[in-house]
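The residues making up each chain are set out below.
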Amino acid sequence: MRALVLWADDNSSNLGVRALAAGTAALVQRAYPGTEMTFLAYGSGVAPVRVGDPKVLAKEMVTNRGGLRDWLRGFDLVLDTRAGDSFADIYGLNRLFAQSLLAEEVHRTKVPLVMTPQTIGPFSGRRAKLIARRNLHTATLVMARDQTSAEHSRALGRPVDHLTTDVVFALPAPERVVTRDVVFNVSGLLWEPSPHVDHLAYRKTVTDLYARLVAAGRTVTLLAHVLDSPVADNDVPAIRSFASSLDTEPEILVPTSLTDVREMVASAAVVIGSRMHACLNALSVGTPAIALAYSRKFAPLLADIGWSRSIDLRTAPDPVDEVEAALAGGTLDEECAATLAQARGTIAGAEGRLRELTL
């Protein structure tokens, strides 16, 4: 069998995107062992036309000169990840339109299209809602990774077929051997100006939290969850900038692969993560994680698997105090074990729904 995974890149410098690709592949392999996987994302170049340009796609849908439709028919199953959280209009209509046009083209081929476990919504504009409604109603199978996403889908007239969790929980976990104390993921996305949070407030939070942890006798290791690369969304420069302001030189972890970062978070007593998948990678290997959330995708997903240790940087009066409170108490490992069991159970349900497809 041949399967095509849309909008997830197994070679991305962003390890969250890699986790999305690898987790989706793992989920498919569990349902259909031996499946040949192909990944198609922005700039990947495996398709006969540029799929990230809505004008190119719209023209191709009319003319079929590039052979995209025939190429898509070469697959038995198409899995639409929407990059985890792009099935919304928060990144602009152009992104939503391009990804939705490709889903429409898949629909025309009659190849089964699965909306894989992902964040659905929000859709604030009328046009975005119309596009989303069309995509949801033409998909063969729709899965959401949190209850809020399921509610967005239901509001558009298409209840999801399965409510599950993030596909990272489909990945095999390395052995957890704790050799580090606090592993702190600092985000390059938030370190510089962005529409998510005030970057100066974020820098202050990072600085104050690190100082508070060290003063409490904790050993703090800094972790990049985006590989060092020319891409602007890069954790490494932010971490090095922060480390240069400290009186002592902390250990800095710069992974080279998804496997590498999963082994790193498995070595921690606890992870504090500014990237959602830094936290999800940790929880999925059995390491407690305190999330420093910057968008609505964090809280519903974590709550649905029974994990409450999340601080919203957009609304918390004092994130540092809240992290300290989240770290307090001696039940983190027990809570994490319960969360991991719950997450693995619900991802097994997603595997079952995939296996029910008639291919």
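Residue numbers restart at each chain and count upward from 1, following the sequence in its written direction. Predicted model: local features are reported for residues with pLDDT of at least 70 only, side-chain atom pairs are reported and counted for 80 or more only, and whole-chain, interface and lining totals are derived from all residues. Side-chain measures were taken over the full set of non-hydrogen atoms in the model, leaving aside hydrogen atoms and water.

A. The sheet that holds strand β7 (residues 180–185), seen in detail. Here a strand pair is declared whenever DSSP counts at least two bridges between the two strands. Each helix is a run of H or I in the DSSP string that is no shorter than four residues. Each strand is a run of E no shorter than two, and both are numbered from the N terminus. Reading across from one edge, β9-β8-β7-β10-β11-β12 is the order of the 6 strands in this open sheet, with parallel pairing throughout. The open sheet has two edge strands, β9 (252–253) and β12 (310–312), and neither has a second partner. Bridging between strand β10 (residues 268–273) and strand β11 (residues 289–293) involves 3 bridges; their strand directions are parallel. Considered in β11, the bridge of isoleucine 272 is made with isoleucine 290. Contact between two residues is taken to exist if any of their heavy atoms lie within 4.5 Å; hydrogens are not considered. To get an axis, a line is fitted to the C-alpha atoms, and for a helix only the part in contact is used. The angle between two axes follows their N-to-C directions and goes from 0 to 180 degrees. Strands β7, β10 and β11 of the sheet are contacted by helix α11 (residues 276–284), whose axis makes an angle of about 165 degrees with β11.

B. Main features of the sheet that holds strand β2 (residues 36–40). Read from one edge to the other, the open sheet built from 6 strands follows the order β2-β1-β3-β4-β5-β6, with strand pairing classed as parallel. Looking at strand neighbours, the two that pair on one side only are β2 and β6 (162–163), the edges of this open sheet. Sheet topology places strand β1 (residues 2–6) next to strand β3 (residues 77–80); 4 bridges connect them, and they run parallel. Counterpart to leucine 6 in the pairing with β3 is aspartate 80.

C. Quick look at the nonpolar core. Judged by nonpolar contacts, the single largest core of 90 residues is most densely connected at Phe184, Leu222, Ile272 and Leu354. Of the residues forming this core, the biggest block, 9 residues, is contributed by helix α1 (residues 15–31). Beyond its immediate sequence surroundings of up to four residues, phenylalanine 184 is in contact with Val206, Leu209, Val220, Thr221, Leu222, Leu223, Ile272 and Leu292. Nonpolar cores are built from buried Ala, Val, Leu, Ile, Met, Phe, Trp, Tyr and Cys residues. Side-chain atoms within 4.5 Å join them into one set. Each residue's exposure class comes from its accessible area (1.4 Å probe, protein chains only) as a fraction of the maximum for that residue type: buried when under 20%, exposed when over 50%, partly exposed otherwise. Core analysis: the next-biggest nonpolar cluster, separate from the first, contains 19 residues, Leu4, Leu6, Leu57 and Val106 among them.

D. Up close: the environment of methionine 264. By secondary structure assignment, the location of methionine 264 is in helix α10 (residues 258–266). You can call methionine 264 buried: its relative accessible area is 11%. Beyond its immediate chain neighbours, meaning those up to four positions away, methionine 264 contacts Arg180, Leu223, Leu253, Val254 and Pro255.

E. Structural context of the layout of surface pockets. Using a grid of 1 Å spacing that covers the protein atoms alone, one calls a set of points a cavity when a 1.4 Å probe fits there but cannot get out, and a pocket when the set is open and has protein on both sides within 12 Å along at least five of seven lines; lining residues are those with an atom within 4 Å of a point. Grid points are joined across faces, edges and corners, and a volume is the space filled by probe spheres set on the points. Here the largest pocket defines a volume of roughly 820 Å³. What lines the largest pocket is a set of 28 residues, among which Asn14, Val17, Ala83, Arg95 and Asp233 lie closest to the centre. Looking at which element gives the most residues to the lining of the largest pocket, the answer is α1, with 3 residues. Taken together, the residues of the lining of the largest pocket break down into 12 nonpolar, 9 polar and 7 charged. Empty space within the second largest pocket amounts to approximately 250 Å³. Along its surface, the second largest pocket is lined by 13 residues, and Ile90, Tyr91, His196, Ser295 and Arg296 are the ones closest to its centre. Residue classes follow a fixed rule: Ala, Val, Leu, Ile, Met, Phe, Trp, Tyr, Cys and Pro count as nonpolar, while Asp, Glu, Lys and Arg count as charged, and any other residue, Gly among them, counts as polar. Grouping the amino acids of the lining of the second largest pocket by side-chain chemistry returns 5 nonpolar, 4 polar and 4 charged.

F. Highlighting the packing of α1 against helix α14 (residues 332–355). Interhelical geometry of α1 versus α14 gives an angle of 60 degrees and a closest axis separation of 9 Å. Classified by the angle between their axes, α1 and α14 sit oblique to one another. Considering how the two elements wind past one another, α1 and α14 form a crossing that is right-handed. Taking contact as the criterion, the partners of Leu27, Val28, Arg30 and Ala31 in α1 are, on α14, Ile347, Ala348, Ala350, Glu351, Leu354 and Arg355. Among the residues making up the contact of α1 with α14, the classes are represented as 7 nonpolar, no polar and 3 charged. The labels follow the angle: roughly parallel below 35 degrees, roughly antiparallel above 145, roughly perpendicular from 65 to 115, and oblique for the rest. With the far helix as reference, a near helix turned anticlockwise by less than a right angle produces a left-handed crossing, and one turned clockwise produces a right-handed crossing.

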